[in-house]
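Below are the chains, spelled out letter by letter.
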Amino acid sequence: MGGQRVKLDGLTVHPDTTPNGTVPGQILGVDGDSLQVATGDGILRIATVQPASKKPQPAAQWAQGLSEGASFDWEPSPGRART
């Protein structure tokens, strides 16, 4: 997010549900307590976000400060291969 690292937790993948016209990493919105993000094959629901050097917080709360059309720039953690 804008060059800032975040850790994601409480992830659930819902395959084959990506709306047309979206790109992977695009934030689709909040559904209840989770943040919905487009992937190449569906929607990723995120329950918890932990910004760098901060405590974990509910994803819906964290998303309140995002601008419309925001997206994640994905980079794997050190030691993890991109698949």
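Here's what I pulled together on the structure shown here.

Rules of the game
Residues numbered from 1 in each chain as written. Predicted model: local features only at pLDDT ≥ 70, side-chain atom pairs only at ≥ 80, totals over all residues. Heavy atoms only, no water. Helix = DSSP H or I, 4+ residues; strand = E, 2+ residues; numbered from the N terminus. Buried < 20%, exposed > 50% of the residue type's maximum accessible area, 1.4 Å probe, protein only. Contact = heavy atoms within 4.5 Å. Salt bridge = Lys/Arg side-chain N within 4 Å of Asp/Glu carboxyl O. Core = buried A, V, L, I, M, F, W, Y, C linked by side-chain atoms within 4.5 Å.

Considerations on the overall build of the chain
Looking only at helices and strands, the chain features one helix and five strands. For the chain, the N- to C-terminal ordering of α and β elements is β-β-β-β-β-α. The buried share of the chain, reckoned over its 83 residues, is 25%. Sequence separation of 24 or more characterises 55% of the internal contacts of the chain that already satisfy a separation of 6 or more.

Observations regarding the pattern of salt bridges
Counted by the stated rule, this structure contains one salt bridge. The closest approach of N and O atoms between Arg 45 and Asp 31, which form a salt bridge, is 3.0 Å. Separated by 14 residues along the polypeptide, Arg 45 in strand β4 (residues 42-51) and Asp 31 in strand β2 (residues 27-31) bring together distant segments of the chain. Taking relative accessible area as the criterion, Arg 45 reaches 22% and is therefore assigned partly exposed. A relative accessible area of 40% places Asp 31 in the partly exposed class.

Description of the environment of Thr 48
Turning to its location among the elements, Thr 48 is positioned in strand β4. Classification of Thr 48 by relative accessible area gives partly exposed; the value is 23%. Considering only alpha carbons, one finds Thr 48 and Trp 62, 14 residues apart in sequence, at a separation of 8.5 Å. When near neighbours in sequence (up to four residues on either side) are disregarded, Thr 48 contacts Lys 7, Leu 8, Asp 9, Pro 56, Gln 57 and Ala 59.

Description of the nonpolar core
The biggest cluster of nonpolar side chains holds 11 residues, and these are Ile 27, Leu 35, Val 37, Leu 44, Ile 46, Val 49, Ala 59, Trp 62, Ala 63, Ala 70 and Phe 72. When residues of this core are traced back to their parent elements, those giving at least two are β3 (34-38), β4 and α1 (59-62). Of the residues forming this core, the biggest block, three residues, is contributed by β4. When near neighbours in sequence (up to four residues on either side) are disregarded, Ala 63 contacts Val 30 and Leu 35.

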